[in-house]
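Coordinates in review
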Amino acid sequence: MPTTLPIGKNNAFTLVELLLAVSVLAFGLSMILQGYLTSLKALNRTEELITASVLLESKMDEVLETSTEEKGIQPGFASGDFEEFGDKRHRWELRARSVAEMPMVYEVELAVLWEESGRERAVTSTTLLDAGF
């Protein structure tokens, strides 16, 4: 015996229910996409920080090696870029100044700088070196 539905009873979705389901789905997808884009930005920032840290360590090794060869560090300011590594985005700044309490000791501050999203970013390292290093 075939089953018949009573008249006036409808088992289909209404237009309001479909619109509500689609809007909930769109909201959920937009939240997922926003989370994905935020994680991509964080990944790019982390990559920049790692690159800058590697460049900073490389330059600090060079400064230490140069100061050893030249029998000491000279006070003052120097700057440059990393084109020898094929990097045109980053640049470095070096400041060396004597420590007032210890005349044979220099404070050496090295910074690697770059532009990101219209703002200048930097990774900095400071160390103390014996003037006769």
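Observations concerning the overall build of the chain
Along the backbone of the chain there are 1 helix and 4 strands. Reading the chain from its N end, one meets helices and strands in the order α-β-β-β-β. Within the span of the chain, comprising 133 residues, buried residues form 23% of the whole. A separation of at least 24 residues holds for 41% of the contacts in the chain among residues at least 6 apart in sequence.

Observations concerning the nonpolar core
I73, L94, V108 and L110 are the most contacted members of the largest nonpolar core, which has 17 residues in total. Put simply, the parts of the chain that give this core at least two residues each are α1 (15-69), β2 (87-99), β3 (102-116) and β4 (119-130). Beyond its immediate chain neighbours, meaning those up to four positions away, V108 contacts I73, L94, R95, A96, S125, T126, T127 and L129.

Side note on the pattern of salt bridges
Applying the stated criterion to the full structure yields 8 salt bridges. With its nearest N and O atoms 3.5 Å apart, the salt bridge here joins R97 to E109. Of this pair, R97 sits in strand β2 while E109 sits in strand β3, and the two are 12 residues apart along the sequence. Taking relative accessible area as the criterion, E109 reaches 22% and is therefore assigned partly exposed.

Thresholds, definitions, all that
- Residues numbered from 1 in each chain as written.
- Predicted model: local features only at pLDDT ≥ 70, side-chain atom pairs only at ≥ 80, totals over all residues.
- Heavy atoms only, no water.
- Helix = DSSP H or I, 4+ residues; strand = E, 2+ residues; numbered from the N terminus.
- Buried < 20%, exposed > 50% of the residue type's maximum accessible area, 1.4 Å probe, protein only.
- Contact = heavy atoms within 4.5 Å.
- Core = buried A, V, L, I, M, F, W, Y, C linked by side-chain atoms within 4.5 Å.
- Salt bridge = Lys/Arg side-chain N within 4 Å of Asp/Glu carboxyl O.

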